[in-house]
Amino acid sequence: MASNKMKAPASDTKEIVDVPWAYRDTVARLSPGGRYIDMESDVDSPWVPFGESAAIKHLMFDVRTNTYSNILWMKGPGTIGTHLHRGNVTMVTITGSVRYLEYDWLGTPGGLILEVPGEAHTLVTEHPEGCKLFGWMQGPIEFYDNQGNYADTVDVWWMITHYETYCKENGIPINAKLYL
Ligand SMILES: [Fe+2]
C-alpha cells in the first residue's frame, strides 16, 4: 500500500509563524489583499431590490476578471428567466430550494451548484419561502425573453451599477471593501 507523501502537518500550537517569503514587500505593494465581508447583516452591503420579489446582496466585484459575488434572495416561488452563461458559476443554496427547468435535480441548503460556459437554463424556486443562493460568477450572462430574443447582458459592470445606484439613491456609503 502506497504511503501518503504529503507533508503538511496539523499544527499543535496556536501562534503566528513568520514565513520566509521573498516577495512580501511586493505583495504588500500590489495585492488587493484578502478581506472579510459579512453576508448575514447589512453592515457591509444592503439588500438591493431585484424586481418585485427578489433582492441581491452584492459581496464582491473584480473588474479585471469580470468576476462578481452576491447572494440572490428570491422571497417566494418565482423564476429567473432563461439565461446563457459565457463564464462559470459556483453557487451554494443557503436557504429554501432551487431547481432548473432543464435539469432533474433539486438544490437544497448546503448543496453545491456548478455552471459552465455555454449552458442556457431557467432557474425556479417552488419553495414557499423561496431561496437564498450564494453565487461566485465569472463572465457575462446573457438573458433572453420567452420568445428567445436577446434581452440584456449581466456582468460585473451591471452588478456594480445595480449596487451603486441603490446606494446613491438611499444615502448608503459605497463600501470600498466590495471592490477587489
Ligand atoms: Fe445560471
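Calculation rules
- Counting of residues starts from 1 at the beginning of each chain's written sequence and follows it residue by residue.
- Given that the model is predicted, a residue must reach a pLDDT of at least 70 before its local features are reported, and side-chain atom pairs must reach 80 or more before they are shown or counted; all residues, however, enter totals for whole chains, interfaces and linings.
- Helix and strand assignments follow DSSP, with helices taken as H or I runs no shorter than four residues and strands as E runs no shorter than two, numbered in order from the N terminus.
- Labels follow a simple rule on C-beta atoms placed from the backbone: if 20 or more others lie within 10 Å of a residue's own, it is buried; if 12 or fewer, it is exposed; otherwise it is partly exposed.
- Note on contacts: each residue gets a C-beta atom placed from the backbone, and two residues are in contact if those atoms are within 7 Å.
- In this description, strands pair whenever DSSP reports at least two bridges between them.
- The axes used here are C-alpha line fits, helices contributing only the stretch in contact, and every angle between their N-to-C directions lies in the interval 0 to 180 degrees.
- Think of a nonpolar core as buried Ala, Val, Leu, Ile, Met, Phe, Trp, Tyr and Cys residues chained together by C-beta atoms that fall within 7 Å.

Named according to an unreviewed UniProt entry, the protein chain is tRNA modification GTPase originating from Croceibacterium salegens.

**Things to note about the overall build of the protein chain**
The helix and strand inventory of the protein chain stands at two helices and 12 strands. Tracing the protein chain from N to C terminus, the helices and strands come up as α-β-β-β-β-β-β-β-β-β-β-β-β-α. In terms of overall dimensions, the protein chain has a C-alpha envelope of 60 × 55 × 30 Å along the principal axes. Residues classed as buried in the protein chain amount to 18% of the 180 residues present. Expressed as a percentage of contacts within the protein chain between residues at least 6 apart in sequence, the contacts between residues at least 24 apart total 64%.

**Some points on the sheet that holds strand β5 (residues 89-96)**
The sheet built from six strands is open, its strands ordered β1-β2-β3-β10-β5-β8 with antiparallel pairing. With one partner strand each, in any of the chains shown, β1 (47-49) and β8 (112-115) form the two edges of the open sheet. Each strand axis lies, on average, 25° off the axis of its neighbour in the sheet, ignoring direction. Lying over the sheet, helix α2 (residues 156-170) contacts β1, β2 (54-62) and β3 (67-74), oriented at roughly 120° with respect to β2.

**Considering the nonpolar core**
In terms of nonpolar packing, the biggest core is built from 18 residues, with Leu72 and Leu133 touching the most fellow members. When contributions to this core are tallied by element, the ones reaching two or more residues are β2, β3, β10 (131-138) and α2. When residues no more than four places from it in sequence are discounted, the contact partners of Leu72 are Ala54, Ile56, Leu133 and Gly135.

**Looking at the environment of Trp47**
Along the chain, Trp47 turns up in strand β1. Under the C-beta neighbour-count criterion, Trp47 is labelled partly exposed, with 15 such atoms within 10 Å. Here the alpha-carbon distance between Trp47 and Cys131, two residues 84 residues apart in the chain, equals 14 Å. Ignoring anything within four residues of it in the chain, the contact list for Trp47 reads Asp42, Ala55, Lys57 and Trp73.

**Re the pairing of β5**
When β5 meets β8, the two strands line up antiparallel, connected through four bridges. Residue Thr90 lies in a different strand from β8, and its bridge partner there is Leu114. Pairing of β5 with β10 involves seven bridges; the strand directions are antiparallel. The residue of β10 that forms the bridge with Val92 is Phe134.

**Considering the environment of Arg35**
Along the polypeptide, Arg35 turns up in the loop between α1 (24-30) and β1. The exposure class of Arg35 is exposed, given the 10 C-beta atoms found within 10 Å. Between the C-alpha atoms of Arg35 and Leu180, which are 145 residues apart in sequence, the distance is 9.0 Å.

**A closer look at the sheet that holds strand β7 (residues 106-107)**
Spatially, the six strands line up as an open sheet ordered β7-β6-β9-β4-β11-β12, and their pairing is antiparallel. Looking along the sheet, the strands with just one partner apiece sit at the ends: β7 and β12 (150-154). Sheet topology note: the strand β11 (residues 141-144)/β12 ladder contains four bridges and is antiparallel. In the strand pairing of β12, Ile141 is matched with Val154.

**Looking at the environment of Pro77**
Relative to the elements of secondary structure, Pro77 occurs in the loop between β3 and β4 (78-85). Between the C-alpha atoms of Pro77 and Val124, which are 47 residues apart in sequence, the distance is 7.4 Å. With residues up to four places along the chain from it excluded, the contact list for Pro77 reads Thr125, Glu126, His127, Pro128 and Gly130.

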